[in-house]
Amino acid sequence: MSRNARLMGLRSNAYSLKKDANLRRIRLFRLVRRAAIGAAAVVVLAGSTTATAADFTPGKDPAAAPSSRPAAGPEDAAAAGSRPVSGKTPSAGPKFTKNGSTWNVIAPETVLRNTVTDADGDASNLTFEVWTTNPDGTPKAQVKLTDANPYGVLVSGYVASGKTAQVKVEYGRLKPGVTYTFHTSAYDGSLYETAWSPWANFKINPYVTFPAPQTSSTINPVAQSEVEFTRTDPGPALSTAAATSRDGGGDKTAERGKRPQVSPDTTSDAKPGTKRNCSKADAKGHKLCVELNPPDKNDKKSPYLALATAAPAAELVDWCYDKPSGKDYMNRTDACLKSIGSGTLIFTDTDPQMPALGTATFNIEQRIKTYPTKSDSGSNFAEFDQQIVITPQHIDAVLKGVTLRWNVGNNCSSCVTSNARWTDDQNNPSTGYWSIADGTPYSIRRGNVTTQWNGTGKETIDLGWSITATVDAGGNPATADFGTSGVTSVRELAPRCDDISGSAAPGCVLPFFKPTYTVDTNLNPAAGAYYWLMQPRFRALHQRGNHLRLAQGLTGNTEPHPAGAGHHDRPPSRGLRPAEPTRP
């Protein structure tokens, strides 16, 4: 190789090395400058206020140079190297599909995208600018996409050359059904591209469409349907169901460490769990026994309906009158107990070989009614009432007469409970005594007890019941246990009274029942669709007793979720005791 050729080769190598060094210096300068810009931005943010909504001035020329809206950072016109370039096909989504020349957006937050390249291989970002459109599709007015800068544009993060940059427009900045157009400009930390990308039109389409709502509805959204439930502590002579559910409490509760005895004068020589309770023999060797027999759950009507042809005037719970026998029912304020069955009085001699001297049989039901508001009870106190319905089926003449005393107990220290007030079915005053000499020895009698709560905060009140029977023919009294308001973990029949709503008089409810709200989907189609979509996610709420029902049209309803739980267990404080006869 000649000397001149060798010199030319050396000069060429030196030039290449110098060029590479210059490029490295340019890239290093850009990196340092980008870091300095970021540090300066941090100082500005920390030491002074940033641009606010009032600082935004919409752009007047959609074709103005990108560097005129330097939201990505200041431009260094003296910087060496190539300018970054936006892609030619900006897009909008999701789902990033087009209808003609317009991108369809079917989400509440619009995502804008475009690619960006830099000939020097530098990472770059994109500035996204959105405008409304004229009827011909041309830009009309700039839309403010953010409060973060005075230019109202969104700036993506840096991406590698050739990659896609994107931004998400927060919900509320853009309106559904409006055609918008946007373009992008690239920035590499020093230089902006000289022109914006091509425009891309997009429109936010409704994600869901609904029919026009009706203007009125015949559905009461807060109306409640009664539900069947199974008592957890119906007494030793009746079948017992295991505890089925629970609910939050956080209130004063009763001591239920042992099963309550609401009638201290009761004695029994029957084995625990048997259906017959007997008194001790009297001086003549006579004994009185009470035997409870659960009703036939296949009975479609209460036994006493054969005697009563219309809803009795004395009925405490109006809807309970014609419910099928053998089951128990409740809603948020009322309980209808029809699973007690019948009680048979057996007047007998102590000699087991001797037949019974006489018997009497009574069908028995109970009611509970709570009053959530003053307008319901007419009282300034929280109040709930209880009622027993006794229908004689048979009384042997040898018994002469039968007296039944209804024993009602509770564990409430802030309550005043009345004596039992007896009436006939038409609410005429009566007693719990049936005489063979009477012209109507089989008339229905109802015992009524009122309890008023004058406490503070909230309190769940446990109840217990029994009946003590005597006959005129002799013998000591015998008592049948009707159980309590529920086992510790459920307390399905325990009223809760409170005065938490300070602006209203105190009231009581049965918290075991969880209310259902019914949505008429014809009146509120969007709300109905939302709840329909969310119902699978409400399963955890259902377990806690919050319920929703959709009424599909004005006639068809889906069935409500079964009634929820009682309260969580709380430390016991007091045991049940007989009602205090302080008020007639």
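To be clear, the structure that these remarks concern was listed above.
None of these values were measured; they are calculated from a predicted model.

Thresholds, definitions, all that
Residues numbered from 1 in each chain as written. Predicted model: local features only at pLDDT ≥ 70, side-chain atom pairs only at ≥ 80, totals over all residues. Heavy atoms only, no water. Core = buried A, V, L, I, M, F, W, Y, C linked by side-chain atoms within 4.5 Å. Buried < 20%, exposed > 50% of the residue type's maximum accessible area, 1.4 Å probe, protein only. Contact = heavy atoms within 4.5 Å. Salt bridge = Lys/Arg side-chain N within 4 Å of Asp/Glu carboxyl O. Pairing = 2+ DSSP bridges. Helix = DSSP H or I, 4+ residues; strand = E, 2+ residues; numbered from the N terminus. Phe/Tyr/Trp six-rings, centres within 6.5 Å; stacked < 30°, edge-to-face > 60°. Lys NZ or Arg CZ within 6 Å of the ring centre and 35° of its normal. Polar contact = N/O pair within 3.5 Å; in protein donor to acceptor, adjacent residues only side chain to side chain. Axes fitted to C-alpha atoms, helices over the stretch in contact; angles between N-to-C directions.

Q: Just give me the short version of the nonpolar core, but keep the residues and values in it.
A: Counting residues in hydrophobic clusters, the biggest one holds 47 residues, and the most contacted among them are Leu345, Phe362, Val402, Leu404 and Phe482. The contact partners of valine 402, leaving out residues within four places of it in the chain, are Leu345, Ala360, Phe362, Ile395, Gly432, Tyr433, Trp434, Thr470 and Val471. Judged by nonpolar contacts, the second largest core, of 22 residues, contains Leu126, Leu145, Val159 and Ala200.

Q: Describe the pattern of salt bridges, listing the residues and the values that go with them.
A: Per the counting criterion, the structure on display carries 15 salt bridges. Here arginine 496 makes a salt bridge to aspartate 498, at a shortest N to O gap of 3.9 Å. The exposure class of arginine 496 is buried, given its relative accessible area of 16%. Shared partners join several salt bridges into a network, and the residues in it are Glu315, Glu365, Arg367, Asp425 and Arg446.

Q: Could you give me a rundown of the pairing of strand β3 (residues 95–99), with the residues and numbers involved?
A: Each regular strand carries side chains that alternate between the two faces of the sheet. With four bridges joining them, β3 and strand β4 (residues 102–105) adopt antiparallel strand pairing. Across the sheet, residue threonine 97 finds its bridge partner in β4, namely asparagine 104. Hairpin connection between β3 and β4: a loop of two residues separates the two successive antiparallel strands, and glycine 100 in this loop has a positive phi of roughly 70 degrees.

Q: Give me the packing of aromatic side chains: which residues, what numbers.
A: Summed over the entire model, instances satisfying the criterion amount to six aromatic pairs. Judged by centre distance (6.2 Å) and plane angle (25 degrees), the ring pair of phenylalanine 128 and phenylalanine 182 falls under stacked. Residue phenylalanine 128 is found in strand β6 (residues 125–133), and its partner phenylalanine 182 is found in strand β10 (residues 179–187); the two are separated by 54 residues along the sequence. By way of ring pairs, the aromatic residues Phe128, Tyr180, Phe182 and Phe202 are connected into one cluster. Over the face of the ring belonging to phenylalanine 96 we find arginine 113, whose NZ or CZ atom lies 3.9 Å from the ring centre. Sitting above the plane of the tyrosine 329 ring, lysine 323 keeps its charged end 5.4 Å from the centroid.

Q: Go over the side chain of glutamate 315, please, and point to the residues and values.
A: Mapped onto the elements, glutamate 315 comes out in the loop between β14 (286–293) and β15 (328–330). Taking relative accessible area as the criterion, glutamate 315 reaches 7% and is therefore assigned buried. At 3.4 Å, the side chain of glutamate 315 and the side chain of arginine 446 are in polar contact.

Q: Lay out the sheet that holds strand β28 (residues 507–509) with the relevant residues and their values.
A: Taken together, the three strands give an open sheet; going across it, the order is β24-β27-β28, and neighbouring strands pair in antiparallel fashion. Pairing within the sheet leaves two strands with one partner each, and these edge strands are β24 (458–460) and β28. On average, each strand axis in the sheet is inclined to that of its neighbour by 20 degrees, with strand direction left out of account. With three bridges joining them, strand β27 (residues 496–498) and β28 adopt antiparallel strand pairing. Within β28, the residue paired with aspartate 498 across the bridge is glycine 507.

Q: How would you explain the pairing of strand β25 (residues 463–471) if you had to name every residue and give the values?
A: β25 sits mainly inside the fold: eight of its nine residues count as buried. Sheet analysis places strand β19 (residues 401–410) next to β25, joined by nine bridges and oriented antiparallel. Following the sheet pairing, arginine 405 is matched in β25 by threonine 468. Where β25 lies against strand β26 (residues 478–484), five bridges are found, and the strand directions are antiparallel. By the bridge assignment, isoleucine 467 is partnered in β26 with alanine 480. Between β25 and β26, which pair antiparallel and follow one another directly, the connecting turn spans six residues, one of which, glycine 474, has a positive phi of 125 degrees.

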